[in-house]
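Structural description and commentary
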Amino acid sequence: MPHVVRAAEPSRPRRPGCEPHLRPHVLRELPVIRSSSLTRRAPAVLAAIALTAAGLVAGSPASAAPDHDKVVSAVPSTASPDIVDGTVFAIHDAGTKIIAAGSFTTVQNRNSDVDITRNYVLAFDKATGAVDTAFVPVVDNEVNAVVAGPTAGTVYLAGKFNTVNGVTRRKLALVNVATGATVTSFAGPAFNGLVDDVALVGDRLLVGGIFTTAGNANPRGGLASLNATTGALDSYLTTTLTENHNYDGVSGSKAGVGAEKLALSPDGTQLVVIGNFKKADGVLHDQIVRLDLGATAATVADWNTSRYTPRCSWKAFDSYMRDVAFAPDGSYFVVVTTGGQYSGSLCDTAARWEAAATGDAQQPTWVNYSGGDTFLSVGISEQAVYVGGHLRWLNNTYGGDSAQAGAIGRASIAALDPRNGLPLSWNPGRHPRGYGVAEMLVTPQGIWLGSDQSWIGNFQYRRERIAFFPLTGGKAPHPTTTAGLPGTVYQAGVPVPTNVLYRVNAAGPAVASTDNGPDWSADTADAPSPYHNTGSSAASYGVVPNLDGTVPAGTPAALYNTERWDGTGAPEMQWDFPVPAGTEVTVRLYLANRYAGTGTPGKRVFDVTLDGTLVLNDLDLAVTPGHDTGTMRAFTIVSDGNVDIDFGHVVENPLVNAIEIVKTGPPPAGTGDEVQARSYDGATTVGAATPVANPDDTDWSEAKGAFWVGGTLFYGMGGALQRRTFDGTTFGTPSLVDPYHDAYWDTVETDSGPAGQTYAGVTSNFYPEIANVTGMLYTNGRLYYTLSGQNGLFWRWFTPDSGAVGADKFTVAGVTGFADTGSIFLAGGTLYRVSRSTGALASTAWAGGVPTGAFTTVSGPAVDGVNWRAKAVFVGP
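Residues numbered from 1 in each chain as written. Predicted model: local features only at pLDDT ≥ 70, side-chain atom pairs only at ≥ 80, totals over all residues. Heavy atoms only, no water.

1. A look at the overall build of the protein chain
A count of helical and extended segments in the protein chain gives 2 helices and 66 strands. Dimensions of the protein chain, computed from C-alpha atoms along their principal axes, come out at roughly 110 × 55 × 50 Å. Across the 877 residues that make up the protein chain, the buried fraction comes to 60%. Counting contacts in the protein chain only where the partners sit at least 6 residues apart, residues at least 24 apart contribute 61% of the total. A total of about 29600 Å² of accessible surface is found on the protein chain, and carbon and sulfur atoms cover 53% of it. A gap of 10 Å separates the mean positions of the 58 positive and 77 negative side-chain charges of the protein chain. (Helix = DSSP H or I, 4+ residues; strand = E, 2+ residues; numbered from the N terminus. Buried < 20%, exposed > 50% of the residue type's maximum accessible area, 1.4 Å probe, protein only. Contact = heavy atoms within 4.5 Å. Areas by Shrake-Rupley, 256 points an atom, 1.4 Å probe, with all protein chains shown as cover. Lys, Arg positive; Asp, Glu negative; His and termini not counted. Charge placed at Lys NZ, Arg CZ, Asp CG, Glu CD.)

2. Some thoughts on the pairing of strand β50 (residues 658-663)
The element β50 is extensively covered by neighbouring structure, given that 5 of its 6 residues are classed as buried. As paired elements, strand β39 (residues 500-505) and β50 share 5 bridges and run antiparallel to each other. Following the sheet pairing, V500 is matched in β50 by V662. Bridge analysis of strand β44 (residues 584-591) against β50 gives 6 bridges, and the strand direction is antiparallel. By the bridge assignment, R588 is partnered in β50 with E660. (Pairing = 2+ DSSP bridges.)

3. Remarks on the nonpolar core
Counting 50 residues, the largest nonpolar core has V334, V385, V387, L721 and F766 as the members making the most contacts within it. Those residues in contact with V334 that sit more than four places away from it in its chain are D323, V324, A325, A350, A351, R352, W366, V378, I380 and V385. F825, A827, V858 and V875 belong to the second-largest nonpolar core, a separate cluster that totals 31 residues. (Core = buried A, V, L, I, M, F, W, Y, C linked by side-chain atoms within 4.5 Å.)

4. With respect to the sheet that holds β44
Two modes of strand pairing occur in sheets, parallel and antiparallel, and in both the strands are linked by backbone hydrogen bonds. Reading across the sheet, the 5 strands line up as β39-β50-β44-β47-β41 and stay open at both edges, with mixed pairing between neighbours. Among the strands making up the open sheet, the edge pair consists of β39 and β41 (546-547).

5. Let's talk about the environment of A506
Assignment of secondary structure puts A506 in the loop between β39 and β40 (537-540). Under the relative-accessibility criterion, A506 is labelled buried at 0%. Each C-alpha atom of the pair A506 and A522 lies 7.2 Å from the other, and the pair is 16 residues apart in sequence. The contacts of A506, once residues within four sequence positions are left out, are D523, T562, E563, R564, W575, V656, N657 and A658.

6. Considerations on the sheet that holds strand β25 (residues 349-354)
Taking strand neighbours across the sheet as the criterion, the 4 strands line up as β23-β24-β25-β26 in an open arrangement whose pairing is antiparallel. Each edge of the open sheet carries a strand with a single partner, namely β23 (321-326) and β26 (366-369). For this sheet, the mean angle separating the axes of adjacent strands, direction not counted, is 15°. Taken together, the 5 bridges between strand β24 (residues 332-337) and β25 define a ladder with antiparallel strand orientation. Among the inter-strand pairings, Y332 is bridged to a residue of β25, identified as E354. (Axes fitted to C-alpha atoms, helices over the stretch in contact; angles between N-to-C directions.)

7. Quick notes on the pattern of salt bridges
Throughout the structure, instances matching the rule amount to 25 salt bridges. Between D93 and K126 there is a salt bridge, and its shortest N-O distance comes to 3.0 Å. Taken together, the positions of D93 in strand β2 (residues 88-93) and K126 in the loop between β6 (121-125) and β7 (143-148) put the pair 33 residues apart, joining distant regions of the chain. Looking at D93, the relative accessible area reads 3%, which means it is buried. (Salt bridge = Lys/Arg side-chain N within 4 Å of Asp/Glu carboxyl O.)

8. Remarks on the side chain of S529
When you line up the elements, S529 lands in the loop between β39 and β40. For S529, a relative accessible area of 5% puts it in the buried group. Every residue in contact with S529, bar those within four places of it in the chain, is listed here: V504, A522, D523 and W575.

9. Observations regarding a negative patch on the surface
Together, D67, D69, D329 and E382 make up a region of like negative charge exposed at the surface. Among the secondary structure elements, E382 is positioned in the loop between β27 (375-380) and β28 (385-389). (Patch = residues over 30% accessible without salt bridge, like charges linked within 9 Å, V, L, I, M, F, W, Y side chains within 5 Å.)

10. A closer look at the environment of L172
By the element assignment, L172 lies in strand β11 (residues 172-176). Taking C-alpha positions, L172 is 8.5 Å from K160, a pair spaced 12 residues apart along the chain. Apart from the residues lying within four places of it in its own chain, the contact partners of L172 are L157, A158, F161, F186, F191, V198, L205, V207 and L226.

11. Structural notes on the packing of aromatic side chains
Applying the stated criterion to the full structure yields 44 aromatic pairs. With centroids separated by 5.1 Å and ring planes inclined at 85°, the aromatic side chains of Y490 and F726 adopt a geometry described as edge-to-face. In this pair, Y490 is assigned in strand β38 (residues 487-492) and F726 in the loop between β55 (720-725) and β56 (735-736), connecting sequence segments 236 residues apart. Exposure class is identical for Y490 and F726. Each is buried. (Phe/Tyr/Trp six-rings, centres within 6.5 Å; stacked < 30°, edge-to-face > 60°.)

12. Considerations on the state of the cysteines
Scanning all chains against the criterion turns up 1 disulfide. Each disulfide pairs two cysteine sulfurs, and for C312 the partner residue is C347, the sulfurs being separated by 1.6 Å. Between C312 and C347, the S-S dihedral sits near -65°, and the bridge is therefore left-handed. Of this pair, C312 sits in the loop between β22 (298-300) and β23 while C347 is found in the loop between β24 and β25, placing the two residues 35 residues apart along the sequence. By relative accessible area, C312 is classed as buried at 0%. (Disulfide = S-S within 2.5 Å.)

13. Section: the side chain of D323
Mapped onto the fold, D323 is located in strand β23. Within the structure, D323 has its side chain in polar contact with the backbone nitrogen of V378 (distance 3.0 Å). (Polar contact = N/O pair within 3.5 Å; in protein donor to acceptor, adjacent residues only side chain to side chain.)

14. Some details on the confidence of the model for the protein chain
On average, the protein chain scores 91 in pLDDT, and the residues at 70 or more come to 93%. Confidence drops under pLDDT 50 across residues 1-63; counting only partners more than four residues distant or on other chains, this segment forms 217 contacts. (pLDDT = per-residue confidence, 0-100.)

15. Notes on the environment of Y785
With respect to the element layout, Y785 can be found in strand β58 (residues 782-787). A C-alpha to C-alpha distance of 9.8 Å links Y785 and T811, two positions 26 residues apart in sequence. With residues up to four places along the chain from it excluded, the contact list for Y785 reads F766, E769, V773, G775, M776, L793, F794, W795, R796, K809 and I824. A distance of 2.7 Å separates polar atoms of two side chains, one belonging to Y785 and the other to E769. Of the polar contacts made by the side chain of Y785, one reaches the side chain of R796; its length is 3.2 Å.

16. Some thoughts on the pairing of strand β31 (residues 413-416)
Here β31 shows a buried face lined by I413 and A415 and a second buried face lined by A414 and L416. Bridge count for β28 against β31 is 4 bridges, and the pairing is antiparallel. Across the sheet, Y386 pairs through a bridge with A415, a residue of β31.

17. Things to note about empty space enclosed by the protein
Counting across every chain of the model gives 5 cavities of 30 Å³ or more. Estimated volume of the second largest cavity: approximately 50 Å³. Along the wall of the second largest cavity there are 13 residues; nearest its centre are R430, S451, I456, R463 and A467. Those elements that place two or more of their residues in the lining of the second largest cavity are β34 (446-450), β35 (455-458) and β37 (466-470). (1 Å grid on protein atoms, 1.4 Å probe; cavity = no way out; pocket = protein on both sides within 12 Å on 5 of 7 lines; lining within 4 Å. Points joined across faces, edges and corners; volume = space filled by probe spheres on them.)

Next comes the structure, spelled out in structure tokens:
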């Protein structure tokens, strides 16, 4: 895929003694019982993404939704200092300055080697990156979260500390943004364990962490609520989180029980809590619970899922939850995890959940698997779900510390398509990965990252532990608009002109043609031919030993492997084919006596009547051409609007192996690579075909389905997806869709896994299927497709921005009858399907991502003379 041009930037040598601080996961999971024995758990990432979107942060200049119209630039801003040790766990946009917090102690201004002491929290000028000399709060331990305070010019600090500016403030304090001075009017209760995250909702501060009391005599199980101005404990939020997720009293890593992250919905009515717990108020809510924030109390919502119940790396992690964030419009939230690669689990994943859903057994809308690498942080804009961690790949469902089919290289950071979770083209990367990106904060101006490492790109842009990607210079994702009807339908790879109207493999599966004509359509139990009546039966045999001279050259011998026979005379077997009145056609009947019990003369004798005229009288195939020999009988008639073929009993049972109906006369000229367009109202009115220029002589006869989205035509060819612009008249230059390889990153070693492992991905497992694809369409982040000879309708996630195809293949449940499909396209609430065997177009209603009824033929050679066959049929501009 095209990759961002990376501008060169001078780099400084690494300072001696300033190697990246690596925080192994196991250290995050040690037990936390009392404040005197606290050890650091999972890094807390600011939930201010949702708070800012909600406009609930008092006095915050960044209180508006991000309102992004593009994905942020791939080149980081220079307006940030260098934090030379520790990890940045939290970032807050305070208007003209940025406040960062974490486990660090030292910072330098950009292009300076002068150390500036800043223990656990610092501020710098947002425009220049210069360290703020006035904001110097003295905090005695790590800070996990920073959010805007109840009045302008104040911020809350939350974490592991016990004093701020020499004043006792156990785990929570309010300080002045200008000076860092403690706001003495706010004095929260003394929590007996660390505070991981806080969220300001109106005049209340919601608190989450690893504590069992808030003050000496106030039991609270990991959640509490305070007066936002005074810090006084209240009874609004008293939900109690209990029980270790993994540790069962005997085995497993043991960590403190409680909340790790809080995500507040933009409208302030929902709070999603993740962390190390199994129950909320005594009811099973394993690692995640959603709360309804009412006027007088917060209560456990009617929402639950068991997807976070499986244990992941249980000897190393108790909880594997790492971060959660709401979308700016509040319609969904995304949870990211660590935990290792375990089939069927949500370990090491990013997963989208719909906010309006209610009830038990909830399932994620989409899941993106890293294949064994940790996600640590998530931030969401209108255009992208940004994720960070120490990732190597995404879309890596089948990977386990290695790239497998569909894997797309992404070093530490990525932007995902909100519709499906697939990686967008944005790929600045961050190497070395170290512990990972622990914080992501989306603001109206861009996105901030906090981490434990020094570089963006492959040692390209030195941005020590904090970096900002501005919206300016970014790129809007590829449009996802599709064309509708009434409109224009295009047929690319119009078949070499043929006079064949129908081909049916009686009682058998679809058989590919060998003469560039239409395939022989199936007539199976699952997909019976619509052209015969009921009452007949099917039989199958091995390969026919002989074909006589009546069988046209190139006829597939496989047609004689099955037969449809009629065991009863009431009614007799009948086939009826619509053919416009006045059309002269040749009817070809393919016949063979294969049943051993009728292998001698006189054992099977039957009649055939064509449009009321007896054309085969007392036919005995054991006599001519003889047993186990395929033959053909042809008759020329002028249709009266319907070709009727009736089989009549004489002795035993009549049979037929295949039927072909062909117009007489020479076919028109053509190569099979033509493209044509025709207007269509979506119902009964079809315009005449007009040619579309094919100036580069694309071999459209080799195409395997196509769809048009946002100005780009995607199509299968040569065992891969291709893409090119198309405006209805002119095709752009074709290019291979290959997001699985990136010239910049494919040669960079990951410093993990076996020696020599790089960030190179692996081509999608969809690509081997393309040779058998017969139709494709795109809608709502999904690529639907049909496969030759298969009755099902299949789909994968797809994003037109990067061209990524989901590694997971899904089958639309309960949908069959697509074995004869030549192309599919969608327009609004209607799905259209082209029959490969007849060229007819049929439609059915479409809702909720599935067809909802039976197909009805709306156009075709036998209806209005229009042949819809082509290698790719799509609605376009």
